[in-house]
Amino acid sequence: MDNQTTSVATDNIDTDSLSNADKSQTLDDWQVLSPVAILYFAVSVFKHLLGNFIYLIPAFAFSYKSVLEHPYIWLPAILVAFGLLSLFAFLSFKVYRYRLTEDNIEIRSGIFSKKHLNLPFSRVQNVKIEQPIYYRLTGHACLQLDTAGSSKNEAKLVAIKLDFAQQLKTRIQNHVHDISLDTENLSADTTGIENDSVDSQKQEVELNQRKLSDLVIHGITSNRIWIFLGGLAPFYDNIFESMGEWLTTLGIDLSDLFSLQTHSLLEVGLAALSLTMLIMFVLVSFSVIGAIISFYGYTLSKLDDKYIRRSGLFTKHEVSMRLSRLQMVVQKQDWLDVLLKRINLKFEQSSSFASNLNTSAASSKIIVPSIKPHECQALINDAYPGNILNTLVSDDGFEAISKRFIWRNIVYVLMPLWLISAGFTLMNDKLMIAALISGLFVVLSGLVVLRWKRWGIAKDENFVYLRKGLIGVDYYCFPTYKLQQTQFQQNFLMKKRQLATVKFILASGSLKVPMLPEKLAYKLIDEGLYQVESTQKSWM
Amino acid sequence: MLESSFTNLNEPINQLPAIQSLDTQSLSEQYAPLNRLINLCVTLFVCVLGLAIYFQPFIPLPNGLLNVLPYIIWAVAILGFLGTWFSHAQDQVKSYALRESDLHYSSGLFFRKIVSQPITRIQHIELKRGPIERKVGLATLQVFSAGGEMHTFQIPGLPVDIALQLRQFILQHKDVVKHG
């Protein structure tokens, strides 16, 4: 792996020092970042502040007139804030030092509370390269190293040259790889996952890329709209009020438009419908914009046994994951996805690595947004050769759960609620509400049946397959040996009918299948445990 | 070192070790009575506290509270007693089993649950002993896997020497030694 790094142009301090480090094996002096880092620190502080003060924006927006009338207050205030921000960014840059040795990285940072981070390469779980938009001109990037531990333990090298970051990444990953090759004692022949990395070609293969049109579809189908709506909830009153005012200035009177005295029911209905459509359109375009920002220029490629995902419009993210770290593939289809025949595919790894990251673009699980079924199948087959998910889906080879599931949820959960509320409203002579409740009861019962229909489980020699969903449908597939723990659950009613619930616990989360035949539940657990214990394959 | 003894993937299903027929061990005999005693004491303490507040002559209580307090005390007493009785019944059915390469813990009276933890997936082990447990010589064995904190496998109410033996067994287990 060393011969790779020598071919790099040595036109700046960072790359220079790496080639030195490789030659002399150790490098004791602390390195300073490129001054571009000041920008990074400023932006991150600004983002942090923005995150905290975003709730003040509506208040500010409503009183901006009076604020504007007093420039002698806000002008100095902004100047002082700006000065403090730059001072902070500059100081952060000044105190930041890092040091690389053969198998170790050290970072010293912090103005008030000093931090000294020491991270051996062998502990690194995940390497990520991030390139914010303002780094693109200078060709810098951030290198983030995730560890299995808590989020506080993660290291981020801010502002190093992009090619240096790439080299460092391969160096760290090769290091990790070598270590794991040593410890995983020659179990290479069993799966082909642990291929010999030395003689296999170092050629990156592109597996998938997303066009802009795919991202638009993803934006429409993904449910981000509802999250957005939820976040806006506290401001509904203000928004509607100001919108009403705005419409009035345009000559549209809402109360007049929706008044049943002056218009027919049809007119009012049409007006309401078109207004809803308009709002929906705006929200959908927000979602589309969000999807484009996080997934622009999406590529998924494979280098050796590593999957690499690159995407992002402003900030370019690069996430890589070793195939052996993959715990489970999830194939998700919402109801719109079902209509459009698109699939969101997720490669999930251990949740402890993913929990440090919040946004979907930065998350260390690899999502392939809105792909077509055959592409999805190709990707799953690439990750898990020998899986039969495709034939299971087309032949409906899943084992259904017991019909008691419908019975239990309708009779023991929905029915009492319905009877009580319908009885209560009927006693108060509110016929309309009782009818509405009954309608709701029928719809919910229908959903329970649909839910039952979606549940399904299958297992072959190496994999467990799971199907669930409501209107959409999701498929889960994991190699049986990745199991961490199993749970068998059964209450006294289920025991009488010889049913049981099985819970599979994986490093990426748990999966529960309710109301299986008892025999099947025992079989799933016994075989699962047997496979974990007999194959001795590492889950990482 | 090599797992040559484990190549029989096509073994007939009915010969696999089954969790249905585990050789279960019950917890320490002290565990259930001790828990019952603790629960009763807590219930009693809350009731006495309520009574003390009701009858104390120092601070005049608001009328609303004065009217409700006796009912609350009754409710706590009844619920506490029922709860103690029920959890005692549950404590008596808790059991665990140790096989060559996995641990099992089963619990629950109306809601049975069997948790199985392969030893090869264990990340680390903890022996937890509170002040009362130390007094009577009991211990709780906690086993952590990569499944996350929500799914920590634990066996309460073990006699200390058995807990130590279990821990030793797991630590020296070939699967754990190999995967560190």
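Predicted model only: the values in this text are computed from it and were never measured. (Residues numbered from 1 in each chain as written. Chains lettered and ligands numbered in written order. Predicted model: local features only at pLDDT ≥ 70, side-chain atom pairs only at ≥ 80, totals over all residues. Heavy atoms only, no water.)

**Q** Give me the overall build of chain B: which residues, what numbers.
**A** For chain B, the helix and strand inventory stands at five helices and seven strands. Each helix (α) and strand (β) of chain B, taken in turn from the N terminus, gives the series β-α-α-β-β-β-β-α-β-β-α-α. Considering only contacts in chain B between residues 6 or more positions apart, those separated by 24 or more positions represent 51%. Accessible surface, chain B: about 11100 Å² in total, of which carbon and sulfur atoms supply 64%. (Helix = DSSP H or I, 4+ residues; strand = E, 2+ residues; numbered from the N terminus. Contact = heavy atoms within 4.5 Å. Areas by Shrake-Rupley, 256 points an atom, 1.4 Å probe, with all protein chains shown as cover.)

**Q** Summarise the nonpolar core; cite the residues concerned and give the values.
**A** Residue and element names in this part refer to chain A. Ile 457 and Phe 504 are the most contacted members of the largest nonpolar core, which has 39 residues in total. Looking at this core, the elements with two or more residues in it are strand 12 (328–333), helix 18 (404–427), helix 19 (431–454), strand 16 (463–468), strand 17 (473–479), strand 19 (499–506), strand 20 (509–517) and helix 21 (518–535). Per-element tally for this core: the top contributor is helix 21, with seven residues. (Core = buried A, V, L, I, M, F, W, Y, C linked by side-chain atoms within 4.5 Å. Buried < 20%, exposed > 50% of the residue type's maximum accessible area, 1.4 Å probe, protein only.)

**Q** Can you explain empty space enclosed by the protein? Please cite residues and give values.
**A** Over the atoms, a rolled probe matching the size of one water molecule traces out where space is still vacant. Residues and elements named next belong to chain A. The full count for this structure, using the stated rule, is two cavities of 30 Å³ or more. Volume-wise, the largest cavity comes out at about 100 Å³. For the largest cavity, the lining is made up of 13 residues, of which Gln 125, Asn 126, Gln 173, Arg 322 and Arg 325 are closest to its centre. Breaking the lining of the largest cavity down by element, the ones donating at least two residues are strand 5 (124–131), helix 7 (162–183) and strand 11 (316–322). The dominant element in the lining of the largest cavity, judged by the number of residues it contributes, is strand 5, at four residues. (1 Å grid on protein atoms, 1.4 Å probe; cavity = no way out; pocket = protein on both sides within 12 Å on 5 of 7 lines; lining within 4 Å. Points joined across faces, edges and corners; volume = space filled by probe spheres on them.)

**Q** Please provide a residue-by-residue account of the confidence of the model for chain A, values included.
**A** Residues and elements named next belong to chain A. Averaged over chain A, the pLDDT score is 79; the fraction of residues at 70 or greater is 78%. Predicted confidence for residues 1–26 stays below pLDDT 50, and this span has 39 contacts to residues more than four positions away or in other chains. Across residues 181–201, confidence stays below pLDDT 50; counting only partners more than four residues off in sequence or on other chains, it has 25 contacts. (pLDDT = per-residue confidence, 0-100.)

**Q** Any details on the packing of helix 9 (residues 212–221) of chain A against helix 13 (residues 265–295) of chain A? Residues and values, ideally.
**A** Axes are the key here: two packed helices are described by the angle between their axes and the distance separating the axes. All names here are of chain A. It is the contact of helix 9 with helix 13, at a shortest axis distance of 7 Å, that shows an interaxial angle of 130°. Judged by the inter-axis angle, helix 9 sits oblique to helix 13. Crossing of helix 9 over helix 13 shows right-handed handedness. Along its contact with helix 9, which presents Leu 212, Leu 215, Val 216, His 218, Gly 219 and Ile 220, the element helix 13 presents Val 284, Ser 287, Val 288, Ala 291, Ile 292 and Phe 295. Here the residues of the contact of helix 9 with helix 13 sort into nine nonpolar, three polar and no charged. (Axes fitted to C-alpha atoms, helices over the stretch in contact; angles between N-to-C directions. Parallel < 35°, antiparallel > 145°, perpendicular 65-115°, else oblique. Left-handed = near helix turned anticlockwise from the far one by under 90°. Nonpolar A, V, L, I, M, F, W, Y, C, P; charged D, E, K, R; others polar.)

**Q** Describe the pairing of strand 13 (residues 343–348) of chain A, listing the residues and the values that go with them.
**A** All names here are of chain A. Where burial is concerned, most of strand 13 is hidden: six out of the six residues are buried. Burial along strand 13 is two-sided: the residues Ile 343, Leu 345 and Phe 347 and Asn 344, Lys 346 and Glu 348 are all buried. Pairing analysis gives four bridges linking strand 13 to strand 14 (residues 366–371), with the strands arranged antiparallel. Its bridge partner being in strand 14, Lys 346 is matched across the sheet by Ile 367. (Pairing = 2+ DSSP bridges.)

**Q** Provide a residue-level description of the packing of aromatic side chains, including the pertinent values.
**A** Residue and element names in this part refer to chain A. Scanning the entire structure with this criterion turns up 16 aromatic pairs over all chains. Through a chain of ring-to-ring contacts, three or more aromatic side chains come together here, namely Tyr 40, Phe 41, Tyr 96, Tyr 134 and Tyr 135. Seen from the ring of Trp 30, Arg 108 lies directly overhead, with NZ or CZ sitting 4.4 Å from the centre. (Phe/Tyr/Trp six-rings, centres within 6.5 Å; stacked < 30°, edge-to-face > 60°. Lys NZ or Arg CZ within 6 Å of the ring centre and 35° of its normal.)

**Q** With reference to specific residues and values, describe the domain arrangement of chain B.
**A** All names here are of chain B. Entries for chain B in the domain assignment read domain 1 (31–90) and domain 2 (95–173). Facing the six residues of domain 1 at the interface are eight residues of domain 2. When the two sides are added together, the surface that domain 1 and domain 2 hide from each other amounts to roughly 580 Å², 83% of it contributed by carbon and sulfur. Across the contact surface, domain 1 and domain 2 share zero salt bridges. Along the contact surface separating domain 1 from domain 2 lie zero residue pairs in polar contact (both at pLDDT 80 or more). (Domains from an automatic or database assignment. Buried area = accessible area lost by both parts, 1.4 Å probe. Salt bridge = Lys/Arg side-chain N within 4 Å of Asp/Glu carboxyl O. Polar contact = N/O pair within 3.5 Å; in protein donor to acceptor, adjacent residues only side chain to side chain.)

**Q** Account for the packing of helix 1 (residues 31–55) of chain B against helix 2 (residues 63–93) of chain B, naming residues and giving values.
**A** All names here are of chain B. Following both chains from N to C, one finds helix 1 and helix 2 inclined at 180°, their axes separated by 9 Å at the closest point. With respect to their mutual orientation, helix 1 and helix 2 come out roughly antiparallel. Considered class by class, the residues forming the contact of helix 1 with helix 2 number 16 nonpolar, nine polar and two charged.

**Q** Explain the environment of Leu 84 of chain A residue by residue, including any values.
**A** Relative to the elements of secondary structure, Leu 84 of chain A occurs in helix 6 (residues 71–95). In the structure, Leu 84 of chain A is positioned 157 residues away from Glu 241 of chain A in sequence and 37 Å away in space, judged by C-alpha atoms.

**Q** Can you lay out the interface of chain A and chain B for me, pointing to particular residues and giving the numbers?
**A** Opposite the 36 residues of chain A that make contact, chain B presents 38 residues. Interface area for chain A against chain B, summed over the two sides, is near 3300 Å², with a carbon-plus-sulfur share of 55%. For the chain A face of the interface with chain B, the top three residues by lost area are Tyr 530, Glu 533 and Gln 536 of chain A, together amounting to 21%. The interface formed by chain A and chain B contains zero salt bridges. With twelve residues, the top contributor of residues to the side of chain A that touches chain B is helix 21 of chain A.

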